[in-house]
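Close look at the chain arrangement
Spelled out, the chains give:
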Amino acid sequence: MALKREPTPAGAITELFDRLHDLHLDAGEPGVRQIATGIGRGVLSYTTVHNVFRGPKVPKWGHLELIVDQLGGNPEAFHVLWRAARLAELAIPGNQVAAASGPASVLSDDRPQEAVAAAPAAEVPGGRRFGFVLVTNRIPVHAHTTGNGVRSTCSAGLDQVFRDLVLQRQGVWVGWSRRDEEANGFEQTGGPPLMTVALTGREVEWHQEGQCSSTLWPLYHDAIERPEFRRAWRDAYRVVNERYADAVDRVAASGAAVWIHDYQLQLVPALVRERRPDLRIGFFLHIPLPPPELFTQLPGREEVLRGLLGADVVGFQRPRSVQNFVRLCADVLGLPVSDGSVDVGGRTVDVRAYPVSIDVGAIEGLVGQSRTRRRAQQIRAELGNPDVLVAGIDRLDYTKGIEQRLVAYGEILDGMRSVANPPVFVQVATLSRERVARYASLRERVDRLAGHLNGSYGRMGSPAVRYTNSALDFHEVAALYRAADVMVATPFRDGMNLVAKEYVASRLDDRGVLVLSEFAGSAAELPEAILVNPNDTDDLKDAILRAIAMRPAEQSRRMKAMRSRVRAHDSHAWITSVMADLDRAVRPV
Ligand SMILES: O=P(O)(O)OC[C@H]1O[C@H](O[C@H]2O[C@H](CO)[C@@H](O)[C@H](O)[C@H]2O)[C@H](O)[C@@H](O)[C@@H]1O
Ligand SMILES: O=c1ccn([C@@H]2O[C@H](COP(=O)(O)OP(=O)(O)O)[C@@H](O)[C@H]2O)c(=O)[nH]1
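Worth saying up front: this structure is predicted, and the values here are computed from it rather than measured. Here the residue numbers are simple positions, counted from 1 along each chain's written sequence. By the order in which they are written, chains take letters starting at A while ligands take numbers starting at 1. Whole-chain, interface and lining totals are the exception, using all residues; otherwise, since this is a predicted model, local features are given only for residues with pLDDT of at least 70 and side-chain atom pairs are given and counted only at 80 or more.

**Regarding the nonpolar core**
One broad trend across soluble globular proteins is that nonpolar side chains are buried collectively. What counts here: Remark: nonpolar core denotes a set of buried Ala, Val, Leu, Ile, Met, Phe, Trp, Tyr and Cys residues whose joining runs through C-beta atoms within 7 Å. For every residue, the other C-beta atoms within 10 Å of its own C-beta are counted; 20 or more classify it as buried, 12 or fewer as exposed, and values in between as partly exposed. C-beta atoms are placed from the backbone. Numbering of helices and strands runs from the N terminus; a helix is a DSSP stretch of H or I covering at least four residues, while a strand is a stretch of E covering at least two. The start and end points of each domain follow an automatic or database-based domain assignment. Think of it this way: build a C-beta for each residue from its backbone, and any pair within 7 Å is a contact.
Counting residues in each nonpolar core, the largest one holds 146 residues, and the members touching the most others are V133, V135, V174, V248, V258 and V515. No other element matches helix 11 (residues 231-251), which puts ten residues into this core. For this core, the two domains that each supply at least three residues are domain 2 (125-357 + 575-584) and domain 3 (360-568). Those residues in contact with V248, other than ones at most four positions away along the chain, are V133, V135, V174, V258 and V272. Ranked by size, the runner-up nonpolar core spans 14 residues in total, among them L20, V32, I67 and L71.

Written as structure tokens, this is what we have:
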């Protein structure tokens, strides 16, 4: 909307409201009223306000500062304008934000935090374009701590699968990376080209920790914890999704296949389609899509559904999520649907379940190595060579059921006070989303519980629970799989739970018992596990006790069946089925 001349105050206010409405900002907010009053009283020039929303060449940060000054540094007005500016694709470099003048009380709240300041956008060298683009929230180059306390960058599970896929397809991997992780990009270690999407500190807070971790994550996991709904987070989500779509637009060759992942990026398929109708677009959700009764609580639910429908192929972990999605498209958007497809104005969107899997061959190779065997023996020795080693490996997340599992285990130990060599429990609870309050309080509770169990049931040289928050190198994880007689994976709700599949794949000896929640996506493929309801402490106790007591022949029968199923449906089969459907998608002419 180009402004030819300064309108009358009344016209300017109407135009302002129209513009804010276009940006889905609420005209009733106090900040909007302050801006309107400022314009009405002639304190604030409408052109100055309007420039905040204009094209990318306008130096908008200066305008924003000017407005803050003109309004006497009013926080509400500042927040409205900040959001409007973000929505209008304002790129504010971190140093400019930090250096901006204006009342400290207003600006300090919006300064990017040092630790998470946006990394500079890394263009792919030479401005190359690619026939395949993988898009994930993060480019996952994690620093892990090995058994010896050494930092390494060995990537676990899906990271490696994705890396191989992008290399094989000679594609590019697009995602966000924290600055300290970026230095370890795959480019330096023979990996595929990476394109980093930059996020400001505020976007990390509002998009990642807000909309993703505090709204969508709990809502999509059965609202185990109450989801929080905030307008500012939703706005940030939209802005960040736009930035990913722009990145795809920049690197995708004509007709390229684009595969977008997970709940952080649900608007990206439609935003990419808007920019590049020539592309084939796939989307995969790693977490469950909740039933309509829960999903419809989400403000902006239509936008999310329409975002996903920008894809040609929408993939979920489980058929139940497919059903939920199709029903939502019919009920919320009124679109014609069939079992596995949705009709969007004559374009067919295929909707299918593609249960994610693991690279069984790679895991078998790693577990079979003599260094893994030695490390597994060492782990058992460090724990006092217990008769039975029980383990759980999770991110420290309230969806994973760690607390309830430890409570059940404590009750088991209580009944084993007279046993000479009681089982030892190793619980790896890797820190996750530490800046989100619920995760911090979960950590405190689990710390206390583990301490209590050790205080009550531990013996000299033989703890009741060996509990760590470290992120283990995958070699260390593999050694623990090999060492553990029983693996307990008991989430309240989980998209898949790769740990369960990895444990099965690691048992080259066909021994070991898996205790698995009915509510993990992997339960459908692993019915020979001892399946439990993690909400039922007695059920958990019985399951762990049954696992501890299971005879070798029974272990072997169950493990063989699970291993052959996981081998038959490994990550290669997963990738092949998704890619076949994506490559088949009809490219628009
Ligand atoms: O990135 P974080 O916040 O540390 O979280 C780690 C990942 O957790 C989620 O994993 C999901 O995907 C797995 C593989 O498909 C699946 O097995 C699991 O059940 C899901 O929870 C999340 O979806 C990822 O985005 C996170 O990176
Ligand atoms: O210290 C750890 C803990 C976990 N993992 C890996 O992290 C992934 C966890 O995936 P899962 O699907 O079980 O749960 P998520 O954390 O994705 O919800 C698996 O590949 C684990 O091997 C790891 O490498 N180091």
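**Comments concerning the site of ligand 1**
Quick note on the threshold: Only the C-beta atom, placed from the backbone, is used; a residue is near a molecule or strand if that atom lies within 6 Å of it. Residues are grouped as follows: Ala, Val, Leu, Ile, Met, Phe, Trp, Tyr, Cys and Pro are nonpolar; Asp, Glu, Lys and Arg are charged; all remaining types, including Gly, are polar.
In the vicinity of ligand 1 there are 15 residues, among which H286, V356, D494, G495 and M496 approach most closely. Its residues assigned to classes, the shell around ligand 1 comprises five nonpolar, five polar and five charged. Looking at which domains feed residues into the shell around ligand 1, each of domain 2 (125-357 + 575-584) and domain 3 (360-568) supplies at least three.

**Quick word on the environment of R551**
Mapped onto the secondary structure, R551 falls in the loop between helix 22 (537-549) and helix 23 (552-568). Residue R551 is classed as exposed on the basis of its C-beta count, with 8 C-beta atoms lying within 10 Å. Once the C-alpha coordinates of R551 and G512 are considered, the two residues, 39 residues apart in sequence, prove to be 9.9 Å apart.

**Describing unusual backbone geometry**
For A223, which is not a glycine, the phi torsion comes out positive at approximately 50°. On the secondary structure map, A223 appears in the loop between helix 10 (201-220) and helix 11. Judged by the 14 C-beta atoms lying within 10 Å of it, A223 falls in the partly exposed class. Here the phi dihedral of D510 falls at roughly 55°; this positive angle occurs in a residue that is not glycine. Following the sequence through the fold, D510 ends up in the loop between helix 21 (498-506) and strand 16 (513-517).

**Describing the pairing of strand 10 (residues 341-344)**
Two faces, one strand: in a regular strand the side chains alternate between the faces of the sheet. To be explicit about the condition: When DSSP locates at least two bridges between a pair of strands, those strands are taken to pair.
Of the strand pairs in this sheet, strand 9 (residues 337-338) and strand 10 are connected by two bridges, and their pairing is antiparallel. Along strand 10, the bridge assignment pairs V337 with V342. Two elements, strand 10 and strand 11 (residues 347-353), share four bridges in a ladder whose sense is antiparallel. Following the sheet pairing, V344 is matched in strand 11 by R347. Connecting strand 10 to the next strand, strand 11, in antiparallel fashion are two residues, including G345 with a positive phi near 55°.

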